[in-house]
Amino acid sequence: MTISLRPATGADLMAVGALHQRSRVAAYSSFLPADALADPTPEAMGRYWTERVAWEGADHRMTVAERDGRLVGFSYLGPDDAGDPATGLLNAIHLEPDERGRGTGRALMVDALDAMRARGWSRAALWVLRENATARRFYERGGWTATGEERDDVIGATVVPQLRYARSL
């Protein structure tokens, strides 16, 4: 019952999309309406990841987590979205809902931070939904702090505020 991490392959991306959708529903259902979480479908989310990785694969990295051969989580990182060459952006960590609290998210975060250091970045940043208290606590325990920057995203038809977090590497 050990967790293993490996680079994602193209063959993983449809399953990553389905996992991403399940993760979003589980993590956001306490503060977002069901209709906001109904779309995209797991298949559409898989196509999204297939296209995104095709466009960004040269300078981004996806890692998948497996437990006993079953895909249970992933992380995705790349250059900073604000253009700071010293900063890497942790775009995502998502887990199967039953994987929460088992150390998988932490393993993915530590791996992502190590990969950012290896790329020569001295700082890491991420965006998290303001209402996602569980994720905010997870990142704060990992040494991340809110920067005070905010932006809006849209999930379904619902506008959701995001907070930027950062930490030194």
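Before any of the text, the structure's been laid out above.
Residues numbered from 1 in each chain as written. Predicted model: local features only at pLDDT ≥ 70, side-chain atom pairs only at ≥ 80, totals over all residues. Heavy atoms only, no water.

A.B. asks: Can you help me understand the overall build of the chain in this one?
C.D. replies: Of the regular secondary structure elements, the chain holds five helices and seven strands. Shown N-terminal to C-terminal, the secondary structure of the chain runs as helices and strands in the order β-α-α-α-β-β-β-α-β-α-β-β. Counting only C-alpha atoms and orienting by the principal axes, one finds that the chain spans roughly 40 × 35 × 30 Å. For the chain, contacts bridging at least 24 residues in sequence account for 64% of all contacts bridging at least 6. Where the 21 positive side-chain charges of the chain centre and where its 23 negative ones centre are 5 Å apart. (Helix = DSSP H or I, 4+ residues; strand = E, 2+ residues; numbered from the N terminus. Contact = heavy atoms within 4.5 Å. Lys, Arg positive; Asp, Glu negative; His and termini not counted. Charge placed at Lys NZ, Arg CZ, Asp CG, Glu CD.)

A.B. asks: Where do I start with the pairing of strand E7 (residues 158-168) in this structure?
C.D. replies: Within a regular beta strand, the side chains point alternately toward one face of the sheet and then the other, so they alternate between its two faces. Within E7, eight of the eleven residues are buried, leaving the element largely enclosed by the surrounding structure. Here seven bridges tie strand E5 (residues 123-129) to E7, and the two strands are oriented antiparallel to one another. Paired with Val-128 across the bridge in E7 is Leu-163. Examined bridge by bridge, strand E6 (residues 145-155) and E7 share eight bridges and lie antiparallel to one another. Its bridge partner lying in E7, Glu-150 is registered against Leu-163. Counting the residues that bridge the hairpin from E6 to E7 gives two residues, and of these Gly-156 lies at a positive phi of roughly 65 degrees. (Buried < 20%, exposed > 50% of the residue type's maximum accessible area, 1.4 Å probe, protein only. Pairing = 2+ DSSP bridges.)

A.B. asks: Can you help me understand the nonpolar core in this one?
C.D. replies: The nonpolar side chains of soluble globular proteins are, as a tendency, buried together. Leu-90, Tyr-139 and Trp-144 are the most contacted members of the largest nonpolar core, which totals 22 residues. Only strand E3 (70-79), strand E4 (87-95), helix H4 (104-118), E5, helix H5 (133-141) and E7 provide two or more residues apiece to this core. If sequence neighbours within four positions are ignored, Trp-144 has contacts with Leu-90, Met-109, Leu-113, Ala-124, Ala-125, Leu-126, Tyr-139, Tyr-165, Ala-166 and Arg-167. Formed by eleven residues, the second largest nonpolar core is a distinct cluster that contains Val-16, Trp-49, Tyr-76 and Ala-92. (Core = buried A, V, L, I, M, F, W, Y, C linked by side-chain atoms within 4.5 Å.)

A.B. asks: Got a minute to help me understand the pattern of salt bridges in this structure?
C.D. replies: As a working rule, side chains carrying opposite charge can pair if their charged atoms are close by. Following the criterion strictly, the structure yields 15 salt bridges and no others. Between Asp-81 and Arg-164 there is a salt bridge; the shortest N-O distance is 2.9 Å. Of this pair, Asp-81 sits in the loop between E3 and E4 while Arg-164 sits in strand E7, placing them 83 residues apart in sequence. Among the residues examined, Asp-81 registers a relative accessible area of 40% and is labelled partly exposed. Salt-bridge contacts for Arg-117 lead to Asp-114; the nearest nitrogen and oxygen are separated by 2.8 Å. Here Arg-117 pairs with Asp-114, and both are found in helix H4, just three residues apart, close to one helical turn. With relative accessibility at 34%, the residue Arg-117 sits in the partly exposed group. Note on Asp-114: relative accessible area 42%, which makes it partly exposed. Here the salt bridges share partners, and the residues they tie into one network are Asp-80, Asp-81, Glu-149, Arg-151 and Arg-164. (Salt bridge = Lys/Arg side-chain N within 4 Å of Asp/Glu carboxyl O.)

A.B. asks: Hey, could you run me through the sheet that holds strand E1 (residues 3-7) in this one?
C.D. replies: Strand pairing in a sheet relies on backbone hydrogen bonds, with the paired strands running either antiparallel or parallel. Overall, mixed pairing links the seven strands, which are arranged E1-E2-E3-E4-E5-E7-E6 in an open sheet. The open sheet has two edge strands with one neighbour each: E1 and E6. The sheet shows a mean angle of 25 degrees between the axes of neighbouring strands, direction not considered. Each of strand E2 (61-67), E3, E4, E5 and E6 is contacted by helix H1 (residues 13-28), which is oriented at about 90 degrees to E3, the strand it contacts most. Sitting on the sheet, H4 is in contact with E1, E2, E3, E4, E5 and E7, with an inclination near 160 degrees to E4. (Axes fitted to C-alpha atoms, helices over the stretch in contact; angles between N-to-C directions.)

A.B. asks: Mind showing me how you'd approach unusual backbone geometry here?
C.D. replies: The bulk of non-glycine residues show a negative phi, and the bulk of peptide bonds are trans. Asp-39 connects to Pro-40 through a cis peptide bond whose omega is 10 degrees. Summarising the element assignment, Pro-40 is placed in the loop between helix H2 (34-37) and helix H3 (42-56). You will see that Asp-68, though not glycine, has its phi angle at about 55 degrees, which is positive. Secondary-structure assignment places Asp-68 in the loop between E2 and E3. Classification of Asp-68 as exposed rests on a relative accessible area of 53%.

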